[in-house]
Amino acid sequence: MATQNVIVMRHGDRMDNFEELWVMKAERPWDPPLHQDGKIRAFCTGQKIRSNMDFPIHRVFVSPFLRCVQTAAEVVRALCDVADHNGESNVLLSNSESVIIDPSKVKVSIEYGLCEMLNLVAVRAAAAPKDGDFKFSISQYESELPAGTVDNTVEPVHKKLPEWEETLESARARYVEVVKALADKYPSENLLLVTHGEGVGSIFTGLNKDSTVLEVAYCGHLYAKRTIQFGENQSFTAGEFVYEKQTGVVSAAK
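Residues numbered from 1 in each chain as written. Predicted model: local features only at pLDDT ≥ 70, side-chain atom pairs only at ≥ 80, totals over all residues. Heavy atoms only, no water.

- The chain has the name Phosphoglycerate mutase family protein in an unreviewed UniProt entry, where Anisodus acutangulus is given as its organism.

**A closer look at the overall build of the chain**
For step 1, the next point in the chain: Broken down by element type, the chain carries seven helices and seven strands.
For step 2, the next point in the chain: The secondary structure elements of the chain, listed N-terminal to C-terminal, are β-α-α-β-α-α-β-α-α-β-α-β-β-β.
For step 3, the next point in the chain: Relative to the compact-globule value of 18 Å for 254 residues, the chain shows a C-alpha radius of gyration of 18 Å, a close match.
For step 4, the next point in the chain: Along the three orthogonal principal directions, the C-alpha set of the chain runs to about 55 × 40 × 40 Å.
For step 5, the next point in the chain: The burial tally for the chain puts 48% of its 254 residues in the buried class.
For step 6, the next point in the chain: Computed over 27 positive and 35 negative side-chain charges, the separation of the two mean positions in the chain equals 1 Å. (Helix = DSSP H or I, 4+ residues; strand = E, 2+ residues; numbered from the N terminus. Rg over C-alpha atoms; globule rule 2.2 N^0.38 Å. Buried < 20%, exposed > 50% of the residue type's maximum accessible area, 1.4 Å probe, protein only. Lys, Arg positive; Asp, Glu negative; His and termini not counted. Charge placed at Lys NZ, Arg CZ, Asp CG, Glu CD.)

**Describing helix α7 (residues 197-207)**
For step 1, the next point in the chain: For α7, the complete set of buried residues consists of Gly199, Val200, Gly201, Ser202, Ile203 and Phe204.
For step 2, the next point in the chain: Of the surrounding secondary structure, the elements contacted by the buried residues of α7 are β1 (2-10), α6 (168-185), β4 (191-195), β5 (211-230) and β7 (242-253). (Contact = heavy atoms within 4.5 Å.)

**Topic: the pattern of salt bridges**
For step 1, the next point in the chain: Counted by the stated rule, this structure contains 14 salt bridges.
For step 2, the next point in the chain: Across the pair Arg28 and Asp31 runs a salt bridge, and its minimum N-O distance is 3.1 Å. (Salt bridge = Lys/Arg side-chain N within 4 Å of Asp/Glu carboxyl O.)

**Topic: the pairing of β5**
For step 1, the next point in the chain: In this structure, β1 lies alongside β5, joined through eight bridges in antiparallel fashion. Residue pairing for β5: Val6 is matched across the bridge by Ala224.
For step 2, the next point in the chain: Where β5 meets strand β6 (residues 236-238), three bridges bridge the pair, whose relative direction is antiparallel. Paired with Phe230 across the two strands is Phe236, which belongs to β6.
For step 3, the next point in the chain: Hairpin connection of β5 to β6: five residues between the antiparallel strands, including Asn233 at a positive phi of 55°. (Pairing = 2+ DSSP bridges.)

**What about the side chain of Glu74?**
For step 1, the next point in the chain: Looking at the element boundaries, Glu74 is found in helix α3 (residues 66-80).
For step 2, the next point in the chain: In contact with Glu74, other than residues within four places in its own chain, are Lys39, Ala42, Phe43 and Ser96.

**So, the nonpolar core**
Burial of nonpolar side chains together is a common tendency in soluble globular proteins.
For step 1, the next point in the chain: Counting residues in hydrophobic clusters, the biggest one holds 37 residues, and the most contacted among them are Ile7, Ile57, Val60, Val62, Phe134 and Leu192.
For step 2, the next point in the chain: Secondary structure elements with two or more residues in this core: β1, α2 (36-52), β2 (59-62), α3, β3 (107-110), β4 and β5.
For step 3, the next point in the chain: The greatest single-element share of this core, amounting to nine residues, is contributed by α3.
For step 4, the next point in the chain: Excluding residues that lie within four positions of it along the chain, Leu192 makes contacts with Ile7, Met9, Ile57, Arg59, Val60, Phe61, Val75 and Leu79.
For step 5, the next point in the chain: Core analysis: the second largest hydrophobic core is formed by 18 residues, Phe61, Leu182, Leu222 and Val249 among them. (Core = buried A, V, L, I, M, F, W, Y, C linked by side-chain atoms within 4.5 Å.)

**A few points about the packing of aromatic side chains**
For step 1, the next point in the chain: By the definition in use, this model includes nine aromatic pairs.
For step 2, the next point in the chain: With 6.2 Å between their ring centres and 70° between their planes, Phe136 and Tyr141 make a pair best called edge-to-face. Tyr141 carries the same exposure label as Phe136, and that label is buried.
For step 3, the next point in the chain: An aromatic cluster is built from Trp30, Phe65, Phe134, Phe136, Tyr141 and Trp164, whose rings are joined through pairwise contacts.
For step 4, the next point in the chain: When the ring centre of Tyr175 is taken as origin, the NZ or CZ atom of Arg174, which lies over that ring, is 4.6 Å away. (Phe/Tyr/Trp six-rings, centres within 6.5 Å; stacked < 30°, edge-to-face > 60°. Lys NZ or Arg CZ within 6 Å of the ring centre and 35° of its normal.)

**Overview of the packing of α6 against α7**
For step 1, the next point in the chain: With their axes 9 Å apart at the nearest point, α6 and α7 run at an angle of 70° to one another. Our classification of the angle between α6 and α7 gives roughly perpendicular. On α7, the residues that touch Leu168, Arg172, Tyr175, Val176 and Val179 of α6 are Glu198, Gly199, Ser202 and Ile203.
For step 2, the next point in the chain: Tallied by class, residues from the contact of α6 with α7 come to five nonpolar, two polar and two charged. (Axes fitted to C-alpha atoms, helices over the stretch in contact; angles between N-to-C directions. Parallel < 35°, antiparallel > 145°, perpendicular 65-115°, else oblique. Nonpolar A, V, L, I, M, F, W, Y, C, P; charged D, E, K, R; others polar.)

**Brief notes about unusual backbone geometry**
For step 1, the next point in the chain: Positive phi, normally seen in glycine, also occurs at Glu165, with a value near 70°.
For step 2, the next point in the chain: Note on placement: Glu165 falls in the loop between α5 (138-142) and α6.
For step 3, the next point in the chain: Judged by relative accessible area, which is 55%, Glu165 ranks as exposed.
For step 4, the next point in the chain: Backbone geometry at Asn233 places phi at a positive 55°, although glycine is not the residue there.
For step 5, the next point in the chain: Mapping Asn233 onto the fold places it in the loop between β5 and β6.
For step 6, the next point in the chain: Since its relative accessible area comes to 76%, Asn233 is described here as exposed.

Here it is in structure tokens:
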């Protein structure tokens, strides 16, 4: 009997929440990058995941929005750092600028199904594309990820974005569906999924039926696991995911 571990994480601090004029000058106002504080937070979160979890992350899937891709890049650098940072040295290393990585440790792929809710609940009206076309260049965004970590052989669960103005209910169902589908595709690997606040919240409430999510902090994440029984010819039987713990997810009983 094996165990599969999955971490679902929100992106780091987005630029437009720190620099109000950024949206007015941006070519793609619906797709803000990370603020520098967000990059630092993402890298430090990756360090904490590496040092606090008793399992390695094998594969990372990430929403195509730039803030998520840049978050994944920082987390992956921390996970792939060739230095073994323990104790005080782990605290002192607060950014990825001097990190040397082993790109064979983790593979990364962009997954449309982890994208932001495509409606005016999540995408600010002033920033939303007028024609509903978000114009993502996957190859350009893959270049944001550490060299050698991108796995282009992966077939995405969702091959395109949802239709603009999807409902809140369908978005929440999408997050739950895509997390299970990705886990089922790679049952022998531990996964980290970098998505948006609603994505983390949807998985949290799916695992904690009596709770409602009030807030998911930047880089807030939850950890769940399930048992895997492998059979012949690559077959397997999976147990239900069991919630283990969270960081930065504020919830209340229903």
